[in-house]
Amino acid sequence: MKKLLAIFLSVGLVFTSSNAFAITPDDIKTAMDSKGYTVVNVSENTVAVMYRGLAVMIAVDGKDGDVTYLAYLDDISSDMLSYDFLNRYNNDVKFGRAFLDRQGDLAIQMDRNSSGGVTLQNVESDFMVFISLVRKFVNDVQSQVSA
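This text gives an overview of the structure that appears in the document. Only a predicted model underlies this, so the values are computations on that prediction, with no experimental measurement involved.

So, the overall build of the chain
Part 1: Across its full length, the chain holds four helices and six strands.
Part 2: From first element to last, N terminus to C terminus, the chain shows the α and β order α-α-β-β-β-β-α-β-β-α.
Part 3: In the chain, buried positions account for 42% of the 147 residues.
Part 4: For the chain, long-range pairs separated by at least 24 residues make up 61% of all intrachain contacts whose partners lie at least 6 apart in sequence.
Part 5: As displayed, the chain has an accessible area near 8000 Å², and 51% of this comes from carbon and sulfur atoms.

Points about the pairing of strand β4 (residues 66-72)
Part 1: Most of β4 sits out of view: six of its seven residues are buried.
Part 2: Where strand β3 (residues 54-61) and β4 come together, five bridges link them in antiparallel fashion. Within β4, the position partnered with Ile58 by the bridge is Tyr69.
Part 3: As paired elements, β4 and strand β6 (residues 106-112) share six bridges and run antiparallel to each other. Note that in β6 the partner of Tyr72 across the bridge is Ala107.

Here's the deal with the sheet that holds β4
Across a sheet, strands are paired by hydrogen bonds formed along the backbone, either parallel or antiparallel in direction.
Part 1: Ordered by their spatial adjacency, six strands build an open sheet running β1-β2-β3-β4-β6-β5, and the pairing between neighbours is antiparallel. Edge strands, defined here as strands with exactly one partner in the open sheet, are β1 (38-43) and β5 (96-100). Here the average twist between neighbouring strands, direction ignored, is 25°.
Part 2: With five bridges connecting them, β1 and strand β2 (residues 46-51) associate as antiparallel partners. Looking at β2, one finds that Val40 is bridged to Ala48.
Part 3: Sheet strands in contact with helix α4 (residues 120-146) are β2, β3, β4, β5 and β6, and its direction is about 150° off that of β6.

Details of the packing of helix α2 (residues 25-34) against α4
Part 1: Closest axis-to-axis distance for the α2/α4 pair is 10 Å, and the angle between their directions is 60°. Our pair here, α2 against α4, has a crossing hand that is right-handed. Residues Asp27, Ile28, Ala31 and Met32 of α2 pack against Leu120, Val123, Glu124 and Phe127 of α4.
Part 2: Across the contact of α2 with α4, the residue classes tally to six nonpolar, no polar and two charged.

Here we look at the nonpolar core
Generally speaking, soluble globular proteins have nonpolar side chains that are buried together.
Part 1: Ranked by internal contacts, the top residues of the largest apolar core, which has 35 residues, are Ile58, Phe127 and Phe137.
Part 2: Of all the secondary-structure elements, those providing two or more residues to this core are α2, β2, β3, β4, α3 (83-92), β6 and α4.
Part 3: Per element, the largest residue contribution to this core is eight residues, and it comes from α4.
Part 4: If sequence neighbours within four positions are ignored, Phe137 has contacts with Leu73, Ile76, Leu81, Phe85, Leu86, Tyr89, Ala98, Leu106 and Ile108.
Part 5: Of all hydrophobic cores here, the second largest spans six residues; its members include Ala48, Leu70, Tyr72 and Ala107.

With respect to the packing of aromatic side chains
Part 1: All told, the structure shown has six aromatic pairs when counted by the stated rule.
Part 2: Judged by centre distance (5.6 Å) and plane angle (75°), the ring pair of Phe85 and Phe137 falls under edge-to-face. With Phe85 in helix α3 and Phe137 in helix α4, this residue pair connects regions lying 52 residues apart in the sequence. Assigned by exposure class, Phe85 and Phe137 land together as buried.
Part 3: Among the aromatic residues, ring-to-ring pairing joins Tyr37, Tyr51 and Phe127 into one connected group.

The rules we used
Residues numbered from 1 in each chain as written. Predicted model: local features only at pLDDT ≥ 70, side-chain atom pairs only at ≥ 80, totals over all residues. Heavy atoms only, no water. Helix = DSSP H or I, 4+ residues; strand = E, 2+ residues; numbered from the N terminus. Buried < 20%, exposed > 50% of the residue type's maximum accessible area, 1.4 Å probe, protein only. Contact = heavy atoms within 4.5 Å. Areas by Shrake-Rupley, 256 points an atom, 1.4 Å probe, with all protein chains shown as cover. Pairing = 2+ DSSP bridges. Axes fitted to C-alpha atoms, helices over the stretch in contact; angles between N-to-C directions. Left-handed = near helix turned anticlockwise from the far one by under 90°. Nonpolar A, V, L, I, M, F, W, Y, C, P; charged D, E, K, R; others polar. Core = buried A, V, L, I, M, F, W, Y, C linked by side-chain atoms within 4.5 Å. Phe/Tyr/Trp six-rings, centres within 6.5 Å; stacked < 30°, edge-to-face > 60°.

That's the geometry; what it means functionally is another story.
Structural data, given as structure tokens:
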């Protein structure tokens, strides 16, 4: 939980504006709440959506309304991964990327260039795409570790 709070604070510093044309983080919170997810405000422009123990930050950033999805995978340590593994994953997955942050923690991120705005249906759909990226990554890691 301590790490989750640190993530919330660091993400809040990265994403500093909320000028999306079509939606706001409050709109996202309301929509995801209505789908049964637990959602908390992280910062002015970021919410965290809880999905099966995973906190997925959704941030609306910039005047063009770009949306970023970010999750840290606490159950996977950096010593389970090689840069070759990360590079292969990032090469194979076109919508997101996995990386080790400055503290060596594993993160997965996906961005939507939303020039002109984005709808709540886009966010809901993108959220499920992001979850599928996380699942693929976890499955790939598990396959590598068991091999």
